[in-house]
Amino acid sequence: DTYTFYTQKNFPGQLSDFLQRIPHEKPLRTARVFTSADNRFVLDVFEFGESAPLNHTDPLYAAKRKEISIYLQERSLAEQTAAVLDFLCACSARYAANSSPQRIYRHYLLTTQVQGTYGAVAQLNPTHEDGSSSISIAIGRSDKQEALARIARHFGFLGIDIRRAHLETIHFTPEESVSLL
């Protein structure tokens with residue numbers, strides 16, 4: 001199941017408004033938020049159901065493992081390779097395909113801070129070429145739809161416009177997961 005919202009206006013708090021309109025009976029798998037460069041068009045896509053796990057026999061998985069190993073080795077972080085690859089195994093196929101080794105490592109570090117807790121941790125990422133900033137947030141043991149709604153409401157209250165967002169869940173075990181925004 002997928003819910004898609006397309007509008008020709010953008011304002012702080014809009015994501016929170018959309019989240020109030022989607023069903024809460026099914027688990028939210030992913031949320032992807034896109035805003036045009038001129039700030040005139042917004043496309044938000046919410047998918048429900050379980051995430052497709054990363055297929056360990058897929059060539060994509062082997063290629064991503066190699067990229068991560070090289071990335072860590074070049075930064076003298078080779079001793080963390082096994083742990084980061086375990087993290088990769090807990091990720092969805094979509095997340096693995098669309099994430100750079102740098103992003104995967106950054107998210108690995110965030111999730112280790114909240115895994116097994118009800119805590120949350122946020123990190124301001126380097127500024128993008130267009131001057132915008134991004135924030136990575138990891139939330140342990142939470143309902144990801146509720147967590148995303150709370151973050152969107154809070155940012156809207158502060159007048160911060162969420163122009164782009166991706167929500168993923170890292171499943172370490174059937175009972176243990178961390179949401180990444």
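To be clear, the structure that these remarks concern was listed above.
Computed from a predicted model, the values in this text were never measured in an experiment.

*Asks:* Please explain the overall build of the protein as it appears in this structure.
*Replies:* Regarding its fold elements, the protein presents six helices and seven strands. Overall, the protein shows an N-to-C arrangement of helices and strands of β-α-β-β-α-α-α-α-β-β-α-β-β. In terms of overall size, the protein behaves like a compact globule, its C-alpha atoms giving a radius of gyration of 17 Å where 181 residues would be expected to give roughly 16 Å. Taken along its principal axes, the extent of the C-alpha atoms in the protein is 45 × 40 × 30 Å. Taking all 181 residues of the protein together, the buried fraction comes to 45%. Pairs at least 24 residues apart make up 59% of the contacts formed inside the protein by residues separated by at least 6 positions. Taken as two groups, the 19 positive and 20 negative side-chain charges of the protein have centres that lie 3 Å from each other.

*Asks:* Help me out: how do you make sense of the sheet that holds strand E1 (residues 2–7) in this one?
*Replies:* Across a sheet, paired strands are connected by hydrogen bonds in the backbone, their directions being either parallel or antiparallel. Strand order across the open sheet formed by seven strands is E1-E3-E2-E6-E7-E5-E4, with antiparallel pairing between neighbours. Of all the strands in the sheet, the pair left with one neighbour each is E1 and strand E4 (120–125). The mean inter-strand angle of the sheet, taken between neighbouring strand axes irrespective of direction, is 15°. Relative to strand E7 (residues 177–180), strand E6 (residues 165–171) is paired through four bridges, and the arrangement is antiparallel. Following the sheet pairing, Glu168 is matched in E7 by Leu180. Helix H1 (residues 14–21) rests against E1, strand E2 (28–35) and strand E3 (42–48) of the sheet, and its axis sits at about 35° to E3. Packing against the sheet, helix H5 (residues 101–114) makes contact with E4, strand E5 (134–140) and E7, and its axis sits at approximately 35° to E5.

*Asks:* Got a minute to help me understand the pattern of salt bridges in this structure?
*Replies:* Two side chains bearing opposite charge may form a pair once their charged atoms approach each other closely. One pass over the full model with this rule turns up ten salt bridges. Residues Lys26 and Asp1 are paired through a salt bridge, measuring 1.8 Å at the closest nitrogen-oxygen approach. A residue pair is termed long-range when its members are at least 10 positions apart, and Lys26 in the loop between H1 and E2 and Asp1 in the segment before E1 qualify at 25 residues. Among the salt bridges present, the one from Glu47 reaches Arg32, with a minimum N-O distance of 2.7 Å. In this pair, Glu47 sits in strand E3 while Arg32 sits in strand E2, placing the two residues 15 residues apart along the sequence. Here the two residues Glu47 and Arg32 agree in accessibility, since each one is buried.

*Asks:* What is the right way to read the packing of aromatic side chains from this model?
*Replies:* How two aromatic rings sit relative to each other is given by the distance of their centres and the angle of their planes. The tally for this structure, following the rule as stated, stands at nine aromatic pairs. Consider the rings of Phe5 and Phe18, whose centres lie 4.4 Å apart with planes at 10°: the pair is stacked. With Phe5 in strand E1 and Phe18 in helix H1, this pair connects stretches of sequence that are 13 residues apart. Residue classification places Phe5 among the buried residues on the basis of a relative accessible area of 13%. Its relative accessible area of 3% is what places Phe18 among the buried residues.

*Asks:* Sorry, what's going on with the packing of H1 against helix H6 (residues 144–157) here?
*Replies:* A pair of packed helices is characterised by two quantities: the angle between their axes and the separation of those axes. The N-to-C vectors of H1 and H6 enclose an angle of 150°; their axes lie 8 Å apart at closest approach. In the packing of H1 onto H6, the handedness of the crossing is left-handed. Here Leu15, Ser16 and Leu19 of H1 come into contact with H6, specifically with Gln145, Leu148, Ala149, Ala152 and Arg153. In terms of residue class, the contact of H1 with H6 is made up of five nonpolar, two polar and one charged.

What counts, and where the lines are drawn
- Residues numbered from 1 in each chain as written.
- Predicted model: local features only at pLDDT ≥ 70, side-chain atom pairs only at ≥ 80, totals over all residues.
- Heavy atoms only, no water.
- Helix = DSSP H or I, 4+ residues; strand = E, 2+ residues; numbered from the N terminus.
- Rg over C-alpha atoms; globule rule 2.2 N^0.38 Å.
- Buried < 20%, exposed > 50% of the residue type's maximum accessible area, 1.4 Å probe, protein only.
- Contact = heavy atoms within 4.5 Å.
- Lys, Arg positive; Asp, Glu negative; His and termini not counted.
- Charge placed at Lys NZ, Arg CZ, Asp CG, Glu CD.
- Pairing = 2+ DSSP bridges.
- Axes fitted to C-alpha atoms, helices over the stretch in contact; angles between N-to-C directions.
- Salt bridge = Lys/Arg side-chain N within 4 Å of Asp/Glu carboxyl O.
- Phe/Tyr/Trp six-rings, centres within 6.5 Å; stacked < 30°, edge-to-face > 60°.
- Left-handed = near helix turned anticlockwise from the far one by under 90°.
- Nonpolar A, V, L, I, M, F, W, Y, C, P; charged D, E, K, R; others polar.

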